[in-house]
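# Structural overview
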Amino acid sequence: DQLSLKGAHFVTSSSGVNVVAECHYKNHPLWLSLNQGPGRSNESHLFINDRPPGSSGGTPSEPLCITLGKGASGAPVIAAINGTLFGLRAHLQRYSEAAQGLIPSFKGSLELLNTDAVELMPEEMKTLLAQAGIGGGYQFFGLFSKGATGAGSLAFNGTVTGKNFTLAGYKLGELSASLQLGANHLHLRSLSIIDQAGRVSIESVTCKREASGRWVIDAPLIKVAALQLGLLRSLDNRPPPSGQSFTITKGEILHLNGIGGDRASFTCRGNFDFVTLPSDGRGKSAGSSLVPASGSLSFIMRDRRCIIEKLTKTFSRGKKAQFFLASGKGHSWVDFDGKIHFMLRMKQRNLVLKLAEPFTIHVTGTLSKPSIGLLSPEALKSMGRHKTRAER
């Protein structure tokens, strides 16, 4: 039920014999043309197009051309693959004369232009790509071969680059990494992402496929720099995960581990330094003495939340006030949707804002639209008696 063929007919000419047909692969229409050169030519060409002959719609592209030749034993073998099909652009040449079977190893490049190409992927790769939110904008260069699990599986060893690529629902700038890929594993090394929103570097990422089909993801160390979350470009135009005022100047994420497609399963530890710009971008912001302008923090991530464990060297603009975490665990956190709940103790460094007794700052809302309030010791005690289960 994967491939059906209809309307096949022969066309002869001085250039040889053409076999023309229409077929459907996984319910997608394709148009085939097989050209056998004249006489005893050792080469033939199979052209595959995802648009009917003469069609002018869509983005102009060359059809996929599979060049068929003869191997060392005289048996037919695919010698080269060039062209575009379903948003996948190939420039591949047979790698070894000694390769056995119709499909040998290939060396060259594959470009993933858009998500249409996912339909051509083996099932285990389709699952991994979907879980990672991977779309177009990638180029793979290296050695392609059949995977250890046989027909339909793919192995790759080489490099991957990206330009205006999609990942996890966002459009990002540039990517580079070394990649080893098998039917049940993926290993990325020296991964670098550079975008208008910031820079990310990862020494190693390992993905292993369990017998259940789930992919376990592990990254021992992730480094970020100049990361301004509000500048991330979402594919569906949803609001960014934080306002443009919040920037991670540098940071590390340690021992990230989880199941692909299950955000709640991911855990890690981390630390970073941050700065915030004034809300109007010109140095003036109402209540700015109540807002941390810079600082350092440590956190743990679990259950779709980053829980702040430690806050140091954190001051308001002009260092008029210093901030500390309120006592008690789990009071301060930010979740994967950008919702926040911070409980901060504030120590005044001048007498401009006079408080009769110590106060705690209670920040709720989202990173892009926080709501700030002051709590007296009595109100703080009352909140402690009525904490929700999620806050305990």
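Everything that follows concerns the structure shown earlier in this document.
Residues numbered from 1 in each chain as written. Predicted model: local features only at pLDDT ≥ 70, side-chain atom pairs only at ≥ 80, totals over all residues. Heavy atoms only, no water.

## Details of the overall build of the protein chain
Heads up, the condition is: Where helices and strands are cited, they refer to DSSP runs of H or I of at least four residues and of E of at least two residues respectively, numbered from the N terminus. Here a residue-residue contact requires only that any non-hydrogen atoms of the pair lie within 4.5 Å. Each accessible area value is a Shrake-Rupley result obtained with a 1.4 Å probe; residue values ignore everything except the protein chains displayed when judging cover.
Per the secondary structure count, the protein chain includes two helices and 24 strands. Long-range pairs, those at least 24 residues apart, make up 41% of the contacts in the protein chain between residues at least 6 apart in sequence. Element-wise, carbon and sulfur atoms account for 56% of the exposed surface of the protein chain, whose accessible area totals about 21,700 Å².

## Section: the pattern of salt bridges
Rules: One speaks of a salt bridge when a side-chain nitrogen belonging to Lys or Arg is within 4 Å of a carboxyl oxygen belonging to Asp or Glu. Residue exposure (1.4 Å probe, protein chains only): buried if accessible area is under 20% of the type maximum, exposed if over 50%, otherwise partly exposed.
Inspection of the entire model under this criterion finds six salt bridges. Where Glu-210 meets Arg-214, a salt bridge forms, and the shortest distance between an N and an O atom there is 3.1 Å. Glu-210 gets classed as partly exposed once you look at its relative accessible area, which sits at 31%. Judged by relative accessible area, which is 41%, Arg-214 ranks as partly exposed. Salt bridges linked by common partners bring Arg-263, Arg-304 and Asp-337 together as one network.

## A word on the pairing of strand β14 (residues 215-227)
What counts is decided by this rule: Two strands are counted as paired when DSSP detects at least two bridges linking them.
As defined by bridge partners, strand β13 (residues 198-209) adjoins β14 across eight bridges and the pair is classed as antiparallel. Along β14, the bridge assignment pairs Cys-207 with Ile-217. Linking two consecutive strands that pair antiparallel, namely β13 and β14, is a turn of five residues; a positive phi of about 100° is found at Gly-213 within it. As paired elements, β14 and strand β16 (residues 246-259) share 10 bridges and run antiparallel to each other. Residue Ile-217 lies in a different strand from β16, and its bridge partner there is Gly-258.

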